[in-house]
Amino acid sequence: METLPRPTAGIDYPQNLQEFDRWFGDEAACRSYIFRVRWPQGYECFRCRSKAPPWITSRGYLHCRKCGGEISITAGTVFEGTRKPLRVWFQAIWLVTSQKHGASALGLQRVLGLGSYQTAWTWLHKLRRAMIRPGREQLHGSVEVDETYVGGVATGGKRGRGTENKEIVVIAVEVLRPKGFGRVRMRRVPDVSGDSLVPFICDVAEPGCEILTDGWGGYSSLSKHSYVHSRTVLSDSGDPAHVTMPGVHRIAAIPKRWLLGIHQGAVSGKHLDYYLDEYTFRFNRRTSRSRGMLFYRLMQQAVATASVPYRQLVDGNHKM
Ligand SMILES: [Zn+2]
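Attention in this report is confined to the structure presented alongside it. (Residues numbered from 1 in each chain as written. Predicted model: local features only at pLDDT ≥ 70, side-chain atom pairs only at ≥ 80, totals over all residues. Heavy atoms only, no water.)

1. Quick notes on the coordination of the zinc ion
As a reminder, the rule being used: Listed donor atoms are N, O and S within 2.8 Å of the metal (Na, K and Ca: 3.2 Å). As water is not included, a site may look incomplete. Labels for metal geometry use angle windows, namely 85 to 135 degrees for all angles of a four-donor tetrahedral site, and for square planar (four donors) or octahedral (six donors) sites opposite donors over 155 degrees apart plus all others within 65 to 115; sites meeting none of these are irregular. The way it works is that DSSP assigns letters per residue, a run of H or I at least four long becomes a helix, a run of E at least two long becomes a strand, and they are numbered from the N terminus.
Coordination of the zinc ion by the protein is provided by Cys45 (SG), Cys48 (SG), Cys64 (SG) and Cys67 (SG), with metal-donor distances spanning 2.3 Å. The coordination sphere of the zinc ion comprises 4 donor atoms, whose angles at the metal cover 107 to 111 degrees; the geometry is tetrahedral. Of note, the donors binding the zinc ion are all from one chain and are spaced C-x2-C-x15-C-x2-C. Taken together, the residues cysteine 45 in the loop between helix 2 (27-38) and strand 1 (55-56) and cysteine 67 in the loop between strand 2 (61-63) and strand 3 (70-72) connect sequence positions 22 residues apart.

2. Some words on the nonpolar core
If you look at soluble globular proteins, the nonpolar side chains tend to sit buried side by side. Going by this rule: For the purposes of this section, nonpolar cores are sets of buried Ala, Val, Leu, Ile, Met, Phe, Trp, Tyr and Cys residues that join through side-chain atoms within 4.5 Å. Here the term buried applies to any residue with accessible area under 20% of the maximum for its type, exposed to any over 50%, and partly exposed to those in between, with areas from a 1.4 Å probe on protein chains only. In this description, contact between two residues means that some pair of their heavy atoms is separated by no more than 4.5 Å.
Core analysis: the biggest nonpolar cluster contains 46 residues, and Tyr33, Phe79, Phe90, Leu108 and Phe295 have the highest contact counts within it. Going through the elements one at a time, helix 2, helix 3 (86-98), helix 4 (105-112), helix 5 (117-131) and helix 9 (291-302) are the ones with two or more residues in this core. Among the elements that line this core, the one with the most residues is helix 3, at 9 residues. Not counting chain neighbours up to four residues away, the residues in contact with phenylalanine 295 comprise Pro14, Phe20, Phe24, Tyr33, Phe90, Ile93, Trp94 and Thr97. By size, the runner-up hydrophobic cluster in this structure holds 20 residues, among which are Leu139, Val143, Val189 and Phe200.

3. Thoughts on the pairing of strand 5 (residues 167-175)
What counts, and what does not: Only strands joined by at least two bridges in the DSSP assignment are considered to pair.
Within strand 5, 8 of the 9 residues are buried, which leaves the element mostly enclosed by the surrounding structure. Two elements, strand 4 (residues 142-150) and strand 5, share 9 bridges in a ladder whose sense is antiparallel. Directly across from aspartate 146, in strand 5, lies its bridge partner isoleucine 171. Bridging between strand 5 and strand 6 (residues 181-189) involves 7 bridges; their strand directions are antiparallel.

Encoded structure:
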């Protein structure tokens, strides 16, 4: 993916809604697009390894001209096994990526005329799964880390205490010099102990990074890992508002507003992970000049992500 030339507006992805409508008028057009995004360097037959361009059958299969081997073009993608037209899926991806704060299940259901709220909800969750690219790079440079609390009623008190109704989210963000932020990573954690915080940092930050935290003891074992740990002790009395790291503080304020606005704050714990994934996807691509580019990126990941049955989505087994 990384070695390919940068995608171009109007060639690799539609620039606006008019172009979107022109490009994706029927199922055949959508299948051709999936083919192109999924095999940018050409298709190789799974059976005979022929590189001859296959034809796409009217039922959506790739048919090898050499051996006749057939494979569904949507096998192994989020579209696998869908009974809805691909066009409607494409519209959903366009909606999710073209609105600044994404789409809600209700919004999706209304705009696309989906029969049930459950379908819209399932689609959104499938797309959110696709937003996290497997094997993505670790953060590097200087990384600020802090926790924030989502949901419930603000009660103050000591860190990690009086927060029974809240979810704890740990956030890591690259701090750029002289100013600004790079990429972000987030994870819901059960508590603020070192056992919860440090493994997250080890997963998301490259060895050798400078990790900036406050004086919280949960971070004290960081120096045993290959990080340069810089602590900023602002208050030793346990600041009730607690968020002391300025970068994380600014970023954390956005998901809270976003969750409250789009989802009316009704995000249960096990699904919060997916919302955090969606936010991370948007944040890390916030400088994309074009919304169409976001559409393209999500499409790339959607064709590389296996579909997940509804039951599993409901169970909310989130894997990083
Ligand atoms: Zn073949």
